[in-house]
Structure formats: C-alpha cells, structure tokens
Amino acid sequence: MFIQLNSQTIEKLEKNLGERLGYFKLFFDTEGCGCNGVIVIQIISEPHPTDIEVQKEPFTFFVDRQQESLFDEQMRLEADENYPSFRLRSDSSLLGSNIRVKDIR
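Residues numbered from 1 in each chain as written. Predicted model: local features only at pLDDT ≥ 70, side-chain atom pairs only at ≥ 80, totals over all residues. Heavy atoms only, no water.

Trainee: Describe the overall build of the chain, with residues and values.
Mentor: Across its full length, the chain holds 1 helix and 9 strands. When its helices and strands are written in sequence order, the chain yields β-α-β-β-β-β-β-β-β-β. Against the 2.2 N^0.38 benchmark of 13 Å for 105 residues, the chain shows a C-alpha radius of gyration of 13 Å, consistent with a compact globule. Along the first, second and third principal axes, the C-alpha atoms of the chain reach 30 × 30 × 25 Å. A burial count over the chain gives 39% of its 105 residues as buried. Within the chain, contacts between residues at least 6 apart in sequence are counted, and of these 49% link residues at least 24 apart. (Helix = DSSP H or I, 4+ residues; strand = E, 2+ residues; numbered from the N terminus. Rg over C-alpha atoms; globule rule 2.2 N^0.38 Å. Buried < 20%, exposed > 50% of the residue type's maximum accessible area, 1.4 Å probe, protein only. Contact = heavy atoms within 4.5 Å.)

Trainee: I'd love a proper account of the pattern of salt bridges, names of residues and values included.
Mentor: What the rule picks out here adds up to 9 salt bridges. A salt bridge links glutamate 11 to lysine 15; its shortest N-O distance comes to 4.0 Å. Of the two residues, glutamate 11 and lysine 15 both sit in helix H1 (residues 7-17), 4 residues apart, roughly one turn of that helix. A residue is classified by how much of its surface remains accessible, and glutamate 11, at 46% relative accessible area, is partly exposed. Judged by relative accessible area, lysine 15 falls into the exposed class, the value being 64%. (Salt bridge = Lys/Arg side-chain N within 4 Å of Asp/Glu carboxyl O.)

Trainee: Pulling in residues and values, what's your account of the packing of aromatic side chains?
Mentor: Given two aromatic rings, their pairing is described by the distance between the two centres and the angle made by the two planes. Under the definition given, this model contains 3 aromatic pairs. Measuring from centroid to centroid gives 5.3 Å for phenylalanine 24 and phenylalanine 59, while their planes differ by 80°, and the two rings are edge-to-face. Of the two residues, phenylalanine 24 is situated in strand S2 (residues 23-29) and phenylalanine 59 in the loop between strand S4 (51-55) and strand S5 (61-64); the sequence distance between them amounts to 35 residues. For the pair phenylalanine 24 and phenylalanine 59, one class covers both residues: buried. Among the aromatic residues, those joined into a ring-pair cluster are Phe24, Phe59 and Phe61. (Phe/Tyr/Trp six-rings, centres within 6.5 Å; stacked < 30°, edge-to-face > 60°.)

Trainee: Go over the sheet that holds strand S6 (residues 74-79) with me, naming the residues and quoting the values.
Mentor: Across the sheet, which stays open at both edges, the 4 strands sit in the order S1-S6-S7-S8 with mixed pairing between neighbours. The open sheet terminates on both sides in strands that have one partner only, identified here as strand S1 (2-5) and strand S8 (94-99). Recorded for the sheet is a direction-independent mean angle of 20° between the axes of neighbouring strands. Where strand S7 (residues 86-89) meets S8, 3 bridges bridge the pair, whose relative direction is antiparallel. (Pairing = 2+ DSSP bridges. Axes fitted to C-alpha atoms, helices over the stretch in contact; angles between N-to-C directions.)

Trainee: Mind laying out the side chain of lysine 12, listing which residues take part and the relevant values?
Mentor: Within the secondary structure layout, lysine 12 lies in helix H1. Dropping the residues within four chain positions of it, lysine 12 is found in contact with Ala79, Asp80, Glu81, Tyr83, Pro84 and Phe86.

Set out below in structure tokens:
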C-alpha cells in the first residue's frame, strides 16, 4: 500500500503530530456513527498487534490487518485548505472526505 502526500498534507500532519512521538493509523471507525463507518486518521503511540505498517516515509502509517482490504493499493491523502480535514482518494474512487485526525496517544 502506498499513500501519496503533497506538501500541504505533510505540513498539516506535522502540525497534528506536534513535538510528541507518534504514528498515523488509517482506521475505519464504526463506533456510534449509525452508518457503515467513517475513515479516521488516528495518531497512536504504538501499533496494536493486529496493525501492519503500510508506509514509512515521510510518516509511518499503519492499518489494522482486518481493515486493509477496505483501502486501495495506491491512494492520495489530500489536506483541505480551509478546514482541519482530509480527503482520501485513489484512481478508482473517493474513499473518504472530511476525514479528521484523532489523537489517541
């Protein structure tokens, strides 16, 4: 899996990460949403045993191995210029818009 990041996205992710050590995790959250779920970018202090590393540079990204099939092999994460949210796209679809970062470190 590869997640392409542009410079604006890298800058926003760096701000969310701050000075503390952490990793990013693409997570399909179904808790309390009353729907099929929404994609969230979690900031985690360490991966769970079921998480797999999908990318190392410029940030380390993880995905739960049971959720890996919900994502495409090649994706683009794009920061929204005017809001604290992101879009996740691939060549074949828009996987999520209005994706938020949730710091759970």
